[in-house]
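# Secondary and tertiary structure notes
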Amino acid sequence: METKIPCRQLFIDGEWVEPIKKGRIPIVNPAIDQIIGDIPAATGEDVELAVDAARRAFARNKGRLERKSELAKLEAIDSGKPLDETTWDIDDVASCFEYFADHAEALDAQKKAPLPLPMETFKNYPLLLATWKVAPALAAGCAAILKPSELASVGGSAITGLGTEAGAPLASHPHVDKISFTGSPVTGSKIMTAAAQLVKPVSLELGGKSPILVFEDVDLDKAAEWTAFGCFWTNGQICSATSRLLVQESIAAEFLDKLVKWTKNIKISDPLEEGCKLGPVVSRGQYEKLSEFISTATSEGGTILCGGGCPQHLKRGFFIEPTIISDVTTSMQIWREEVFGPVLCVKTFSSEDEAIELANDSSYALAGAVISDDLERCDRVSKALNAGIVWVNCSQPCFYQAPWGGNKRSGFGRELGPWGLDNYLNVKQVTQYISNEPWGWYQSPSKL
């Protein structure tokens, strides 16, 4: 059964409204490279209306998901993620709202002051990342303006549009009191610059180039599956992807042989097809960027162990085979820059100290994973890794009760858990004088 793409307008002041300039942005299904609808293109004039409405809503201070299947299909069509993954995401959306609803009840006793108006934006988990930001903002008593990426806006939206025409006016608006952004370091830097002019707080999650360390004492098949999952889950379009594989020299050849076999067994198809485990990347621009990354890696001396191109059985769409590149040096682009796609680069190490040094050799510091049967080693490595998130004998699990965020160029601030709620709260001191006696610091005029 065909999934219909809803005709969206901007959601402002509780109503769906047409953009003032009536602009629209086409929606492209990345699995078939076809325009399947459009979304409204907000501009600065629409942003002004949205901010004004949100301020009024803040001044007024005034169940489980029933559309799970529909929303999951819309997410898959819009972003290219496999349907099994987007269905999982929608479950997490509902759970996240419920979690922060419980926290909202506890806030009355804490008496923290909500920030009047936060602004949010995101891309690769359209509904789920929106929930990570909106749920705690609402729980804190804030009014929020939601600005999704123009590349993935079908599942839910408020103010859609291009970054330059809708996002930039929001970031620099004097009545937007807080910005929470998930995206690229380049855009994050621009948001910081705009926010600095008004000294407004920001929290940023700006991606990563995360390592996964595989030691010689592991079960090779278990380690191979987690390595593949850590990089190829969500079509590789996940900020925390463990896309730098560090494997101990003594097992490198055998482990890579197994990893290639696991990788070649991944089903690549239309995301709505049953059993799909890897869909297309989100746009033609991203497809071309990935192709250029792979080409540059080979020209710099890298060796493609598998993948590297478009799957033979798929004649259209923005599909990239899950790709593994070995013979990588630390000076290569593929080692240093976030790819945001299903591309894994490989380097070997001889000792634990060398593995840690290589793992921390990055301007990013969002996440990392260590795979070893020696739990004492796992503990040492976890403490030594410069990252906001560390996984032991796994990669990518995420829980809305636990903090999410990174260090260095990966940004600052934490989402989820009580830390996520604190993003939208200011601490206010209120002191009441309760004695019936006068303060008595100055001599009373009546006693002169």
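How each quantity is defined
Residues numbered from 1 in each chain as written. Predicted model: local features only at pLDDT ≥ 70, side-chain atom pairs only at ≥ 80, totals over all residues. Heavy atoms only, no water. Axes fitted to C-alpha atoms, helices over the stretch in contact; angles between N-to-C directions. Helix = DSSP H or I, 4+ residues; strand = E, 2+ residues; numbered from the N terminus. Parallel < 35°, antiparallel > 145°, perpendicular 65-115°, else oblique. Left-handed = near helix turned anticlockwise from the far one by under 90°. Contact = heavy atoms within 4.5 Å. Buried < 20%, exposed > 50% of the residue type's maximum accessible area, 1.4 Å probe, protein only. Pairing = 2+ DSSP bridges. Right-handed = clockwise from strand over helix to strand, strands pointing away. Salt bridge = Lys/Arg side-chain N within 4 Å of Asp/Glu carboxyl O.

What follows concerns the packing of helix 7 (residues 220–232) against helix 8 (residues 252–264). Helix 8 packs onto helix 7 with a crossing angle of 55 degrees between their chain directions and a minimal axis gap of 9 Å. The orientation of helix 7 relative to helix 8 falls into the category oblique. For the crossing formed where helix 7 meets helix 8, the hand is right-handed. Each of Leu 220, Asp 221, Ala 223, Ala 224, Glu 225, Thr 227, Ala 228 and Phe 232 in helix 7 lies in contact with helix 8, whose residues at this interface are Glu 254, Phe 255, Lys 258, Leu 259, Trp 262 and Thr 263.

Moving on, we get to the pairing of strand 17 (residues 389–392). A one-sided burial pattern is seen for strand 17, the buried positions being Ile 389 and Trp 391 and the unburied ones Val 390 and Val 392. Relative to strand 17, strand 16 (residues 367–371) runs parallel, the two being bridged by four bridges. Counted as the bridge partner of Ala 367 is Ile 389 from strand 17. Taken together, strand 16, helix 12 (residues 375–384) and strand 17 constitute a β-α-β crossover, and its handedness is right-handed.

Let's shift gears to the pattern of salt bridges. All chains considered together, the criterion is met by 19 salt bridges. With a shortest N-O distance of 2.3 Å, Arg 56 and Asp 52 are connected by a salt bridge. Within this pair, Arg 56 and its partner Asp 52 are both found in helix 1 (residues 44–60), separated by four residues, close to a single helical turn. A relative accessible area of 43% places Asp 52 in the partly exposed class. Taken together, the salt bridges that share partners define one network made up of Asp 217, Glu 352, Arg 377 and Arg 380.

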